[in-house]
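Structure assessment
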Amino acid sequence: MRPEHPPEFPLAIHDLTVAYHRKPVLWDVELNIPKGTLAGIVGPNGAGKSTLLKACLDLIPKTSGEALVYGKPYEQQRELIAYVPQRESVDWDFPISALDVVTMGTYQKLGWFKRITRSQKQQALEALEKVGISHLAKRQISQLSGGQQQRVFLARALVQEAEIYFMDEPFAAVDAATEQAIIELLQELNSKGKTVLCVHHDLATVSRYFDYLVLLNMRVVASGPTSETFTRENLQKTYGGKLNLLDDVAQALKNVGRP
Amino acid sequence: MTWELLSETLRLEHYNTRLVVFGVAFLGATAGLVGSFLLLRKQSLLGDALSHATLPGIGIAFAVMAAMGLSGKSLPGLLIGASITGLLGVLLVLAIRKTTRLKDDAAMGIVLSVFFGLGVAILKMVERIPGQSAAGLDGFIYGKTASMIWSDFVLIAIILLITIIVTIAILKELTLLCFDADFASAQGWPTLWLDIILMALVTAVTVIGLQAVGLILVIAFLITPPTAARFWTNRLGWMLFLSATIGAISGWLGVSISALYSNLPAGAIIVITAAIIFLFSMIFGTARGILPRYLRHLQLQRKVGRQHLLRSTYEILENTQNGEPLKNLPISMDLLRQHRYWGKGELPRLIRQGRSEDHIERQPSGELRLSESGFGEASRITRNHRLWELYLIKYADIAPTHVDRDADMVEHLLGAEIVHQLEAELDLSKSTIDSPHAIEPTELELQARPTT
């Protein structure tokens, strides 16, 4: 056990480096995500935000370092984490219904060879109810809008009844109503003491959505409570010259510190 | 040839065709089932590489068995050899994929052709082994269905049965793998092993199919039935069932037809049968077929056209009268023509359609008048249009001068449920709503062409 990463942290990352074809994507990442936070991972395109999540979930090999979930490797703690991949990562033409996708969240507890029963379907339906689209349960997934598809993914994570939620850009290309519904759900999870880690793109909403922030650009530029971390200086370091080009960032900075 | 002979064959009245037909139909059903997952995993080409890579294994197995003093043509031995090099081919593709930056198609193309070439060379070499006749081994390339004997049939049936049982046992796991492998992996499912099991199932179907349809055509047996089935349904369970059925029917018809014309190779006929079913499904398939989709599109166009005509008429009535209630008076063709942009020949066509639907009638004077049902419909459509416009102005920040066009694109899709929501949202339930923007013919003539 490392003293700098005590086991009470839901996610502790030590010295993590990830490389694709020998080109490093993440360098020496050191992070502790405190329990019960709604944490955002923010950084420019290609900063390794999704890679960070995937490396923690053993979906891509780590070149070095480790990611600990409550002090233990991920493979011993799988049932504590629910993962919401990017929406574009799957083929939405797949011949299944919204309910079928959400039911997949129950497979882990169900185990090998077991058939899906009414009880799993019921759990899935309740999760769809929570995200507000239970009336679309039987609909084939290609007939859902982008926002509805994202809600399906969220419902699949809710069904897992996990402690920690890993979300890869849940707000990407969704309508305003869905964005609002998702953030309300995340805040509700948060209020129940769950930890949420969310890759995020839109700087304008950072201070409103997240109470903890990780600024990432291949390495961790800064991390900590949003009120301390979301500063002009840190953003400048994260986005470099690109920052000046973005009009909405100026707007975002005006909002720093506002509730 | 007589019809009696045809029906006798299709009804399996000859012992030897019966055996072959059962075997191949069973194979077709299994191929349809396993092939569905191969297709959904988007690995169809890998299946092709696999089948071509079985050829060297057949030659090598023949040589090994001959060297051991056994009969070189024992089917189980040949199939084991085929499986080994087939899987080797797949592993090689995976290794190339992992270690180099070659794209998948290149890796598969290389493996497929190299293994096949190797196989052809080995078959030529083993022909020279003394005391053994290698004649007929090349039947595995194009298939030689008619040569199936009872012991072959038993072997085939057992392997296929195991394949089906395994597939059904891990249906849920395979579905998860095919839909979202990353999620499966994060949940702790061994996706690598699931992929290997899937490839093993495909291998089983492939090597069994070698004898019936040959290694070149077996991929069609795996891929055509599920693609055809997909046109009929959006549900996986149905797709699997239909795919298996289509596979079985292709096998049964293919073998029967080739048994009648003994010089026609069964493999080719099976694939052609499957292709005909595929073509039929592509055109008529109820879920995604071309024709049903086209008809749905036509239907929508008709609906959009009807709404344009009725709403235009209603707006003209509003413009030409003052004072409530609105009276259903005849209007002139000219007013209608100037009221909005109509495509070439669109207006006469819509009027014809409106008359056949009993929404609009032509007066003896040449003027047009809404029928009673048409008037009601026109009032409803106009109201919905304005509800939607108000919603766009209020919530989507669209300027009142632009809102007509945006509303035009979407309103045709509004169902009763959404209309109720709009009413609640806008706190409006009165039966007529004033347009949020001025309706003047001059402005409307400048309006862009409606898209829907």
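The notes below deal with the structure included here. Remember, predicted model here, so these are calculated numbers, not experimental data.

1. Let's talk about the overall build of chain B
Along chain B, the regular secondary structure elements total 20 helices and 2 strands. Evaluated residue by residue, chain B yields a buried proportion of 44% over its 452 residues. Expressed as a percentage of contacts within chain B between residues at least 6 apart in sequence, the contacts between residues at least 24 apart total 72%.

2. A short note on the overall build of chain A
Looking only at helices and strands, one finds 11 helices and 10 strands in chain A. Over its C-alpha atoms chain A spans a radius of gyration of 18 Å, differing by no more than 12% from the 18 Å that the globule rule assigns to 259 residues. Dimensions along the principal axes, computed over C-alpha positions, put chain A at roughly 55 × 45 × 40 Å. Out of the 259 residues belonging to chain A, those deemed buried represent 42%. At a minimum sequence separation of 6, the contacts of chain A that also span at least 24 residues come to 69%.

3. Regarding the interface of chain B and chain A
At the interface, 19 residues of chain B touch 17 residues of chain A. Those elements giving two or more residues to the side of chain B that touches chain A turn out to be α8 (171-179), α9 (181-186) and α12 (236-260) of chain B. A total of 4 residues in the side of chain B that touches chain A trace back to one element, the largest contributor, which is α9 of chain B. Among the residues making up the side of chain B that touches chain A, the classes are represented as 8 nonpolar, 5 polar and 6 charged.

4. A look at the pairing of strand β9 (residues 212-217) of chain A
Residues and elements named next belong to chain A. With 5 of 6 residues buried, β9 lies mostly within the body of the structure. Bridge count between strand β3 (residues 38-42) and β9: 4 bridges; the pairing is parallel. If you follow A39 over to β9, its bridge partner there is Y212. Where β9 and strand β10 (residues 219-225) come together, 6 bridges link them in antiparallel fashion. Considered in β10, the bridge of Y212 is made with P225.

5. Let's talk about the nonpolar core
Grouped together as the largest cluster of nonpolar side chains are 168 residues, with contacts concentrated most on A39, V102, Y165, F166 and L197 of chain A together with F221 and L222 of chain B. Per element, the largest residue contribution to this core is 14 residues, and it comes from helix α2 (residues 15-40) of chain B. With residues up to four places along the chain from it excluded, the contact list for A39 of chain A reads I33, V196, L197, C198, F210, Y212, L213 and V214 of chain A. Counting 14 residues, the second-largest nonpolar core is a separate cluster that includes L317, L350, I360 and I381 of chain B.

6. A few points about the sheet that holds strand β2 (residues 23-33) of chain A
Strand pairing in a sheet is mediated by backbone hydrogen bonds. Such pairs are either parallel or antiparallel. Residue and element names in this part refer to chain A. Pairing within the open sheet is antiparallel, and its 4 strands lie in the order β2-β1-β4-β5. Of all the strands in the sheet, the pair left with one neighbour each is β2 and β5 (72-73). Sheet analysis places strand β1 (residues 11-20) next to β2, joined by 7 bridges and oriented antiparallel. Among the inter-strand pairings, V18 is bridged to a residue of β2, identified as L26.

7. Quick word on the environment of S258 of chain B
Residues and elements named next belong to chain B. Within the element layout of this structure, S258 appears in helix α12. C-beta crowding within 10 Å serves as the criterion here: with 25 such atoms nearby, S258 is assigned to the buried category. Through-space distance from the C-alpha of S258 to that of I269 is 6.7 Å; in sequence the pair is 11 residues apart.

8. Details of the packing of helix α14 (residues 290-320) of chain B against helix α17 (residues 372-395) of chain B
All names here are of chain B. Axis separation between α14 and α17 bottoms out at 8 Å; the angle between their running directions is 90 degrees. What the angle tells us is that α14 and α17 run roughly perpendicular. Residues Q307, L310, R311, T313, Y314 and E315 of α14 touch α17, and the partners they reach there are G374, E377, A378, S379, I381, T382 and H385. Here the contact of α14 with α17 is composed, by residue class, of 4 nonpolar, 6 polar and 3 charged.

9. Observations regarding the sheet that holds β9 of chain A
All names here are of chain A. Judged by pairing direction, the sheet is mixed, and its 6 strands sit side by side in the order β6-β7-β8-β3-β9-β10 without closing on themselves. This sheet does not close on itself; its edge strands, each paired only once, are β6 (81-84) and β10. When strand polarity is set aside, the average angle formed by the axes of neighbouring strands in this sheet is 15 degrees. Pairing analysis gives 5 bridges linking β3 to strand β8 (residues 195-200), with the strands arranged parallel. Bridging from a neighbouring strand, L38 pairs with V196 of β8. Each of β6 and β7 (164-168) is contacted by helix α5 (residues 146-159), which is oriented at about 170 degrees to β6, the strand it contacts most.

10. With respect to α5 of chain A
The α-helix advances 3.6 residues per turn, and as a result positions three or four apart in sequence lie on the same side. Residue and element names in this part refer to chain A. Under the 1.5 Å per step criterion, the end-to-end length of α5 is 20 Å for 14 residues, consistent within 8% with the ideal 20 Å. Along α5, 12 of the 14 residues are buried, which leaves the element largely enclosed by surrounding structure. If you check which residues of α5 are buried, you get G147, Q149, Q150, R151, V152, F153, L154, A155, R156, A157, L158 and V159. Where the residues of α5 are buried, they touch β6, α2 (98-103), α4 (118-130), β7 and α6 (176-191). One or two residues past the end of α5 sits E161, with phi positive at roughly 45 degrees.

Basis of the calculations
- Residues numbered from 1 in each chain as written.
- Chains lettered and ligands numbered in written order.
- Predicted model: local features only at pLDDT ≥ 70, side-chain atom pairs only at ≥ 80, totals over all residues.
- Helix = DSSP H or I, 4+ residues; strand = E, 2+ residues; numbered from the N terminus.
- Buried ≥ 20, exposed ≤ 12 C-beta atoms within 10 Å, placed from the backbone.
- Contact = placed C-beta atoms within 7 Å.
- Rg over C-alpha atoms; globule rule 2.2 N^0.38 Å.
- Nonpolar A, V, L, I, M, F, W, Y, C, P; charged D, E, K, R; others polar.
- Pairing = 2+ DSSP bridges.
- Core = buried A, V, L, I, M, F, W, Y, C linked by C-beta atoms within 7 Å.
- Axes fitted to C-alpha atoms, helices over the stretch in contact; angles between N-to-C directions.
- Parallel < 35°, antiparallel > 145°, perpendicular 65-115°, else oblique.
- Expected span 1.5 Å × (residues − 1).

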